[in-house]
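An overview of the molecular structure
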Amino acid sequence: MLNSITKPVQEDVWVKSTCFMCWNTCGIKVNKVDGVIVKIEGDPDCPQNWGKTCAKGNAGHMSLYDPNRVLFPMRRTNPVKGFDVDPKWERISWEEALETITARLKKIRAEDPRKLVISTFDTRGQSGVFWMAWAAAFGTPNQWGGGANYFCGNGFHPVTYLTHGTWFGEPDIRHCRYLMLFGTQNGSVSNHLPMDLAAKMADARMDGMKLIVVDPVGINAGSKAHEWVPIRPGTDAALALAMINVLLNEEGVYDKEFLTKYTNGPYLIREDGHYLRDHETGKPLMWDLAAARPRPFDDPAFGSVALEGRFLIEGKQIPTAFTLFKEHVRQHTPESASSITTIPADTIRRLAHEFGQAAQIGSTIVIDGKELPLRPAAASWYRGAIAHKHGMLTGLAIQFLNVVVGAIDVPGGHLGNNPVSQTAPLHWSPVPSADGLIMPQGYARRRKPPYPATKVKPPERFDLLELCPVAPYGTTFFTEALLDPKRFKLSYFPEMLIVCRSNPLMTCANPDRMAEALKKIPFMVAFACEMSETAEFADIVLPDAHYLERLDANPNEPTEFVGAGEGYWYWMVRQPVVPPRGEARGWVEVLYDLADRLGIRGDAYALLNATLDLKEPFAYKPTEKYSWEELANRWMKSWFGADKGIDWFKKNGFLITGKKKVEEAYTRVFLTPRIPLYVEYFLDAGAEVRKVTEDLGIRWDTDDYQALVNWKPCPAYDHSVPGYDLFVVNFKLPFHSLSYTSHNALLAELSEKNPYAYSVLLNADTARKKGIRSGDRVRLETEEGYEVEGQALLTECIHPEVAGIAGCFGRKSKALQLSYKKGVHFNTLLPHATERIDSLSAALDSCVRVKVGRL
Amino acid sequence: MARLGMVIDLARCVGCDACTVACQTENGTPPGIQYAPVFRKEVGKFPQAKVFFLPTLCMHCDDPPCMKACPTSAISKRKKDGIVLVDQDKCCGSKACIAACPYGALHFYEKKSGMYGEKITEPEEQALKKFTPGTAQKCTFCSHRVDRGLEPACVVTCPTNCRIFGDLDNPESRVSQLLRERNSVALRPDAGTDPSVRYLP
Amino acid sequence: MSRPANVFSEDYRIGFKEQQVWSLPHALEFFLLGTGAGLYLFSTWFRPYFTGQLVSMLAVVAAGMSLMADLGRPERLWRTFSNLGVSWISRGALSVFFFLAAATVGMALRQFHLSPSLPRLPAIFEAVASLSALVAMLYPGLVLSSYASIPSWNSPMVPLLFLVYSWLTGLAAEWLLFFFSGTRDELGVSLGIGLFLLPCALICLLTHLGAMARGGLAVREGFRLLTRGSLCGWFLGVVLTAGLLLPLLLIGSAIITGEFIQLTALVSSILVLAGGFFLRYCILKAGVYPPLF
Ligand SMILES: Nc1nc2c(c(=O)[nH]1)N[C@H]1C(S)=C(S)[C@@H](COP(=O)(O)OP(=O)(O)OC[C@H]3O[C@@H](n4cnc5c(=O)[nH]c(N)nc54)[C@H](O)[C@@H]3O)O[C@H]1N2
Ligand SMILES: Nc1nc2c(c(=O)[nH]1)N[C@H]1C(S)=C(S)[C@@H](COP(=O)(O)OP(=O)(O)OC[C@H]3O[C@@H](n4cnc5c(=O)[nH]c(N)nc54)[C@H](O)[C@@H]3O)O[C@H]1N2
Ligand code: SF4
Ligand code: SF4
Ligand code: SF4
Ligand code: SF4
Ligand code: SF4
Ligand SMILES: [Mo]
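Residues numbered from 1 in each chain as written. Chains lettered and ligands numbered in written order. Predicted model: local features only at pLDDT ≥ 70, side-chain atom pairs only at ≥ 80, totals over all residues. Heavy atoms only, no water.

1. Some points on the sheet that holds strand β31 (residues 787-795) of chain A
Residues and elements named next belong to chain A. Our working rule: What makes two strands pair is DSSP finding at least two bridges between them. Per the convention used, a helix needs a DSSP run of H or I reaching at least four residues, while a strand needs a run of E reaching at least two, with both numbered from the N terminus. Lines fitted to C-alpha atoms define the axes, with helix axes restricted to the stretch in contact, and inter-axis angles between N-to-C directions lie between 0 and 180 degrees.
Here 6 strands make up a closed barrel; going around it, the order is β28-β32-β29-β31-β30-β33 and the pairing mixed. Taking the axes of each pair of neighbouring strands and ignoring which way they run, one obtains an average angle of 45 degrees across the sheet. Sheet analysis places strand β28 (residues 726-731) next to strand β33 (residues 848-854), joined by 3 bridges and oriented antiparallel. Pairing of Val728 across the sheet is with Val848, part of β33.

Structure representation (structure tokens):
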């Protein structure tokens, strides 16, 4: 009836693009009717998600049309900054904003370009590559990942780099029959490639793959497991090492061939813990059983290599690395691990046994005519397990479970995301270091690999990355340095912060402390879509284009967003479906506008030509000023051919460049570089850090630089002031992403109705003993005196020693009416303290002890 | 003559709510109205405990009590495929159907409002044109898509492929096959509705 | 979002859901309708009584208006007759329509002596109106009992209860009218009928309650709401005690002693009417959907 009086539809089109509601990059098609986006669907042809989109992806356009969006440049007129302080915004023109910023930037660049800091999680694809080149051209090393590097992949990426030779990894669900998840929700629409993994895991579970979920919280991933193994937070390494101990020392189940060929297990180790090296070549030695003598690891004359044993060399009994490893894990008995993890010793033995049996050591499979080892057992881990003080060691311990059964980069095991590409236009493959260990190359080297260790020197960057030779990023230290620069002997202080797509006031640790840190930076420019907490602290706010309003070439970096194992190579595009609302502009385009004013465009182009390896005639000419679209166009044409310019991508959404060959899908047996089961280079790296920090008089923890992996208690494990008897942990919900989505109308509605979203989850028995019932208002308080309040929800699906808080709620910016003060803000409970940061991976320990009381 | 139906494989579902939201944007439903909510229930005792997810929608009952309750004959069952639809041009807003539906599949759309409050966004403006205030609304099995040969939005989006759509009367269809191969249950069998949505536990 | 569009999607937990679409306006409608129809029958057949008829019709009109006010699209009221084949609401609406039409004609004929040549004509219309009134007394109960969705409604006791209560509250309305304009004798007789109807209602109510106590899960949940939960004050206090037991006691003693007839009529009338209203309310609100799984 009402339809008949409305005018007929003029325009009804579908535009292909790439989602950006979480850090993944699903292919989408977007329906625009009469200029308005009305619907988002998965692109059924895109190999990343085959037409699937999660709740967030479906809801994406609602944040574009959010009536509270920032649409104009604004200047703060209230110099006082703080939560619930009205910044008294005053609308200004773009020109005025850019002129103000340029003046400041010019001054900074002349003085010391390091005084400019850029904080963003917008690190992938065209935007990512271009702002990084801009920053390099400007001359600042100060990139601050914000929440994104606080407790994200800290103890993951370095481990996948060391073991797979690439940035990311995932279990090979196609062939896996036994999957253990340690603190990650693979398959439950979290972590990376959530659409792909959700479908594959559902298939695999139906086909009988056994899923074991080790997690203090069982409401999402744990609920789909065959066995949910509730664990005390921060103790995953104890479990993994006990399982390894059972496999090596009780059951004798391990892949000798794999360990011999593909790890440094056979390397001979001196008394001081270093490799025994060949006098002439300096190469690490292995023992040749046939010749009864040591030889350099890559000596072609090797008879048979000794994996285990002690060998008399120059009057000393010299053990192999594997021997030491095997003896070392003996201390991790299931019994001792049981008292650490709260998992019964029998269960630990059984899990180890099942894992070892499931790995089917010795079995093979033929794929595309090539015979490959088949190891259908894998352990996967992410944020939950490694967001702890000793996160890197934990990551290694879990990955070593895969290593000892040979389940690395072979069918059924744990795979790296594309360490090798033999498909045009890009080729890369890891190479062996002088010591024979895996070193990523080419595309796979775009982020910071942990090996070889980077040079340790007095810190110049505010994230103190110089003191973190094996970490992927140092972000967590940034806040520490801002709060106390003298402590780290930094000779300058940031003058200006440009922040975009990062919300440190919500996603890092205690926001009041973070606010102190931010307030110390004299001038802050925020690009924003919504008026986030962080944007509210800015001196100038600039309206940024929403992801459905902007262009990004190649957002799906293949070492992260192309599934591991069999599948396709593909390259995507994110494109504007509608023009930016209000006066919004893509933030990196604005940076390049500033580059002209600063005279650094040419320098940035030169860097880009190198990074992207752009070929003539498409390389950027330093004298030219290309539009954002033309920059994408030249890049695409240079890589994919003159007929595959940006228009082609806009029309087709993505380009499939080929189907992966077996050598690309299951790389292990086609590669020679080895996996360090014995992390010898940590010893030197640690010594370096010790030396430099001692020289500077910086107190710095170097204990974790050890060659053999251990479990160590995190701060919350140790102290236990009476009354503070619960650990508090955080977990993601499938329908929310970080802080960003909490204000999206459709998703906020889900939070309102979902019993778990806005609540404090307490184990039913534990709560009853405390006299707390579902629905009661409770206060959680840490020893440091940080506290949050929320509504208790009693559940059977949580460890009795744990209080669970979902997502990133409890927003503090009044502009976000739908989420303002709704739910509980987990991060408020986390103290900023150097002692709580993993010195290897820079992860902030994300569990604390709390006292829970009824209000 | 067909009988369109859905089989929902509960073993696959991970409770991600993608279906709920996909349905909302596909149909542009007014704030607060969800045709396809996912319900949850805890089963078992720690540590043998888990959350059980139950995705729902209108069951497109073979014998729909909503239709029998409706005084205005606004609810009908399509002859060609069994889809149960509310004709909002006939509905007088009595809400009888809402009470009569055992599954909570009917919703009352009271008056125009926006998800973000007073200001109604452009997509909402477009979508709300399709809704008559003061009438009952419910899942249409995406009849507008089905009529174009497409599957429902909630089916297409589901990351675990646990919603399977097809003709229950056609023995060759996936849905029929699944119902033959695996045990299935209907919700609220006591209500005698003979629903066209079946669940594989 | 002024109110939940649907109770099921208000909270994603699987469990009992209390029906919410029908509440005070419907309780009022059912109450006025039943009372009006009951009063009409008393005023037409037991002691022809113009004021009673008039008030009964006004009550039914008020019931209709209460319903109208709850309709999403009141201008489409006429459409409610379009599903007579299956919908009890349709049938009910028709009965109300017939009732009002026939009762009006009947009353006009009788009051203004419009059909002197056909002396029985008013009675014929009254008979039609009375039959419609009977349907109107029954239909709310039949609507509820036809819903398999809510098992506590889905019982033949519900229409019976609504029928008995319609008689009872119709009678109580008569007491009130007689209090103002009737004779002591009329009152006495009318109260005497109460001594019969009150126990009938009590028996029906207890039977229904007993059945609920032994019913399925959702029915027992309804029973819990009535006897211990959120409705227990209204139900045990107002419906059972004030609405049935107390009037029974008062009327019993008034009739035995012959004292305070007027006052008893007034007080009992108010008590019974209140009980009658809250009975409808409690039955509606104790409607609980069983968990979906
Ligand atoms: N839906 C959704 N998907 C996302 C994101 C999102 O916000 N939402 N964010 C994306 C990003 S940036 C990232 S980094 C990934 C992260 O992906 P995941 O690492 O899978 O993150 P979570 O889903 O939080 O899973 C962590 C799990 O660890 C558990 N846990 C907490 N402490 C411990 C512990 O000490 N030991 C063990 N074993 N478990 C513990 C938590 O209860 C939780 O279930 O997800 C990405 N995908
Ligand atoms: N409680 C809790 N804390 C967490 C996590 C968690 O799961 N729970 N996860 C941790 C992890 S793994 C990560 S990676 C970090 C992530 O931490 P952040 O990088 O801070 O992530 P978001 O919270 O999504 O912040 C993104 C900000 O960008 C804004 N934004 C969104 N889209 C756009 C856009 O197009 N342009 C601009 N200019 N701004 C935009 C949003 O409004 C939001 O303020 O958080 C960490 N902290
Ligand atoms: S998983 Fe991430 S990228 Fe994919 S649809 Fe969901 S929000 Fe978008
Ligand atoms: S989209 Fe699929 S997996 Fe997600 S809740 Fe709905 S039915 Fe379950
Ligand atoms: S599920 Fe409810 S709304 Fe759907 S056909 Fe059945 S009774 Fe009607
Ligand atoms: S609300 Fe509308 S569709 Fe539902 S019963 Fe009443 S008239 Fe029929
Ligand atoms: S079939 Fe269509 S209308 Fe029904 S729940 Fe699914 S998406 Fe919504
Ligand atoms: Mo992350």
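2. As for the confidence of the model for chain C
Selection criterion: Scored between 0 and 100, pLDDT is the confidence that the predictor attaches to each residue.
Averaged over all residues, the pLDDT of chain C equals 93, while 99% of them reach at least 70. Scored by ipTM, the complex comes to 0.96, with pTM at 0.96.

3. A short note on the side chain of Thr193(B)
In plain terms, the rule: Any two residues whose heavy atoms approach within 4.5 Å at even a single point are treated as in contact.
Relative to the elements of secondary structure, Thr193(B) occurs in the loop between α7 (174-181) and β9 (197-200). When residues no more than four places from it in sequence are discounted, the contact partners of Thr193(B) are Cys61(B), Asp62(B), Asp63(B), Pro65(B), Pro102(B) and Tyr103(B).

4. A closer look at the site of ligand 6
Here is the rule: The cutoff for a nearby residue is simple: one of its non-hydrogen atoms must lie within 4 Å of the molecule or strand. Only Asp, Glu, Lys and Arg are considered charged in this grouping, and only Ala, Val, Leu, Ile, Met, Phe, Trp, Tyr, Cys and Pro are considered nonpolar; every other residue, Gly among them, is considered polar.
Near ligand 6 there are 14 residues, and of these Cys70(B), Cys91(B), Ser94(B), Lys95(B) and Cys97(B) occur at the shortest range. Residues belonging to the shell around ligand 6 are distributed by class as follows: 10 nonpolar, 3 polar and 1 charged.

5. Some points on the interface of chain A and chain B
For clarity, the cut-off: Throughout, buried area stands for the accessible area (probe radius 1.4 Å) lost by two parts on being put together, summed over both. Criterion for a salt bridge: a side-chain nitrogen of Lys or Arg within 4 Å of a carboxyl oxygen of Asp or Glu. What qualifies as a polar contact is a pair of N or O atoms within 3.5 Å, subject to a donor-acceptor requirement within protein and to the restriction that residues adjacent in sequence count only when both atoms come from side chains.
If you look at the interface, chain A gives 63 residues, while chain B gives 52 residues. Both sides of the chain A and chain B interface together cover about 4,500 Å² of buried area, and 58% of this is carbon and sulfur. Together, Lys52(A), Met206(A) and Glu796(A) form the three largest contributors to the area buried by chain A at its contact with chain B, with a combined 13%. If you look at where chain A meets chain B, you find 5 salt bridges. Of the charged contacts, one joins Glu796(A) and Lys45(B) as a salt bridge, the two residues approaching to 3.2 Å between their closest N and O atoms. Taken together, the connections running from chain A to chain B amount to 27 residue pairs in polar contact (both at pLDDT 80 or more). Looking at the side of chain A that touches chain B, the elements that each hand over two or more residues are β3 (36-42), α1 (55-64), α5 (194-206) and α23 (745-753) of chain A. Per-element accounting of the side of chain A that touches chain B gives the leading share, 7 residues, to α5(A). When grouped by side-chain class, the residues that make up the side of chain A that touches chain B number 33 nonpolar, 18 polar and 12 charged.

6. Overview of unusual backbone geometry
All names here are of chain A. The omega torsion of the bond from Ala424 to Pro425 falls at 5 degrees, within 30 degrees of zero and hence cis. Considering the arrangement of structural elements, one finds Pro425 in the loop between β19 (414-416) and β20 (431-432). Of note, the bond from Tyr451 into Pro452 is cis; its omega dihedral lies within 30 degrees of zero at -10 degrees. One non-glycine residue, Asp368, lies in the positive phi region at around 50 degrees. Positionally, Asp368 belongs in the loop between β16 (364-367) and β17 (370-373). Backbone geometry places Arg501, a non-glycine residue, at a positive phi of 55 degrees. Here Arg501 lies in the loop between β22 (496-500) and α14 (504-507).

7. Some details on the pattern of salt bridges
Heads up, the condition is: Accessibility here uses a 1.4 Å probe with only protein chains present; expressed as a share of the type maximum, an area under 20% marks a residue as buried, one over 50% as exposed, and anything in between as partly exposed.
Under the counting rule described, the total for this entry stands at 89 salt bridges over all chains. A salt bridge links Glu789(A) to Arg779(A); the shortest N-O distance between them is 3.2 Å. Linking Glu789(A) in strand β31 with Arg779(A) in strand β30 (residues 777-782), this pair joins segments that are 10 residues apart in sequence. Under the relative-accessibility criterion, Arg779(A) is labelled partly exposed at 29%. Between Arg182(B) and Asp9(B) there is a salt bridge, with the nearest N and O atoms lying 2.8 Å from each other. One end of the pair, Arg182(B), is in the loop between α7 and β9; the other, Asp9(B), is in strand β1 (residues 4-9), with 173 residues separating them in the sequence. Judged by its relative accessible area of 25%, Arg182(B) is partly exposed.

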